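So you can see what is in the structure, the chains are spelled out below.
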Amino acid sequence: MAHIIAVAGKGGVGKTTLCGLLIQYLCESGRKPVLAVDADANSNLNEVLGVETEITLGELREEIERAGVDSRYQIPAGMTKQAYLEMRLSDALTEEKDYDLMVMGRTQGQGCYCFVNGLVQTQIQKLQSHYPYVVVDNEAGMEHISRGLLPTMETAILVSDCSRRGVQAAGRIAKLMKELNFKPKQVGLIVNRAPEGKLDEGTLEEVKKQELNLLGVVPHDDMVYRYDCDGKPIVQLPQGSPVREALKEIVDKLGL
């Protein structure tokens, strides 16, 4: 079975950037193939990785839902919706050289994401035996954790920025996992975008208060911001980038 790595935290702390670099490092260090899962309705892991997706699970759900009502969507005669869905699910897997990417995406208009969440869950269960590692970029907050989206979770990486609120959010997610009796082998915190790669006393105090295992600190890097503004994939950061180096140390510390 795959080693499932879940990445979670509050919005805007850089989870997806670190997920993309983590996936890249696992592949470069020979721990491939990796199944990359963007489990965020507001998906952009593909942009960090620099790949285009043919269809998301949310778009596929819309296609099935609108078949027979909208002339643009047709199911072959004699085929049930479920059979057509099973046939099309392979299209929602973007295959790259060292990893495959599955994107949750969103449904259109009003309505909940229960069906799409269920698709993500069943697909991870179905596919995980084909990969040594599965990296899941969760949506901001705690919903995917509380839904029990992942069948198992060997490593939980909580990401925060330097703010107390970010660390507190990570602490709440860690507590929720305990309440739900999740038992990952290791749970730890990465503090991202730290000025000069250092934490002030207030942030360190909050980390201790939340009883979080600090895995490491990733420094702020203007180059990440510039790549984002220019629409360049973050995985194209040069070797020797301080962000890359910090993440490599953390991965090695985790023993992945």
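Whatever comes next refers back to the structure up there.
The structure displayed is predicted, hence computed values, not measured ones.

A.B. asks: Looking at this structure, I do not really get the overall build of the protein. What am I missing?
C.D. replies: In terms of regular secondary structure, the protein is built from 10 helices and eight strands. Relative to the 2.2 N^0.38 estimate, which gives 18 Å for 256 residues, the radius of gyration of the protein is 19 Å and therefore close to what a compact globule would have. Along the three orthogonal principal directions, the C-alpha set of the protein runs to about 65 × 40 × 35 Å. Buried positions account for 53% of the 256 residues belonging to the protein. Expressed as a percentage of contacts within the protein between residues at least 6 apart in sequence, the contacts between residues at least 24 apart total 78%. Placing the 29 positive and 36 negative side-chain charges of the protein at their respective mean positions leaves the two points 4 Å apart.

A.B. asks: Looking at this model, I keep getting lost on the side chain of Glu154. Mind explaining?
C.D. replies: Here Glu154 lies in the loop between α6 (143-147) and β6 (155-160). For the buried Glu154, no salt bridge exists, and the shortest N-O distance to an oppositely charged side chain is 5.6 Å, to Lys185. Polar side-chain contacts of Glu154 include one of 2.8 Å to the backbone nitrogen of Ile4. Excluding its chain neighbours within four sequence positions, the residues that come into contact with Glu154 are Ala2, His3, Ile4, Pro184, Lys185 and Gln186.

A.B. asks: Would you mind showing me how to read the packing of helix α1 (residues 15-28) against helix α10 (residues 242-254) here?
C.D. replies: Two measures define how a pair of helices packs: the angle their axes make with one another and the distance between the axes. Relative orientation of the contacting elements α1 and α10 amounts to 65°, with a least axis distance of 10 Å. It follows that α1 is roughly perpendicular to α10 by the angle criterion. α1 and α10 meet at a crossing whose hand is right-handed. Contact residues: α1 offers Leu18, Leu21, Leu22, Gln24, Tyr25 and Glu28, while α10 offers Val243, Arg244, Leu247, Lys248, Val251 and Asp252. Residues of the contact of α1 with α10, tallied by class, amount to seven nonpolar, one polar and four charged.

A.B. asks: Can you help me understand the pattern of salt bridges in this one?
C.D. replies: A side chain with one charge may pair with a side chain of the opposite charge, provided their charged atoms come close. With the rule as written, the count across this model stands at eight salt bridges. Among the ionic pairs, Arg61 bridges to Glu62, the shortest N-O distance being 3.2 Å. For Glu86, the salt bridge goes to Lys126, with nearest N and O atoms at 3.8 Å. Here Glu86, found in helix α4 (residues 81-88), pairs with Lys126, found in helix α5 (residues 114-127); they are 40 residues apart in sequence, far enough to count as distant. Given the relative accessible area of 45%, Lys126 is considered partly exposed.

Reading guide: rules and limits
Residues numbered from 1 in each chain as written. Predicted model: local features only at pLDDT ≥ 70, side-chain atom pairs only at ≥ 80, totals over all residues. Heavy atoms only, no water. Helix = DSSP H or I, 4+ residues; strand = E, 2+ residues; numbered from the N terminus. Rg over C-alpha atoms; globule rule 2.2 N^0.38 Å. Buried < 20%, exposed > 50% of the residue type's maximum accessible area, 1.4 Å probe, protein only. Contact = heavy atoms within 4.5 Å. Lys, Arg positive; Asp, Glu negative; His and termini not counted. Charge placed at Lys NZ, Arg CZ, Asp CG, Glu CD. Salt bridge = Lys/Arg side-chain N within 4 Å of Asp/Glu carboxyl O. Polar contact = N/O pair within 3.5 Å; in protein donor to acceptor, adjacent residues only side chain to side chain. Axes fitted to C-alpha atoms, helices over the stretch in contact; angles between N-to-C directions. Parallel < 35°, antiparallel > 145°, perpendicular 65-115°, else oblique. Left-handed = near helix turned anticlockwise from the far one by under 90°. Nonpolar A, V, L, I, M, F, W, Y, C, P; charged D, E, K, R; others polar.

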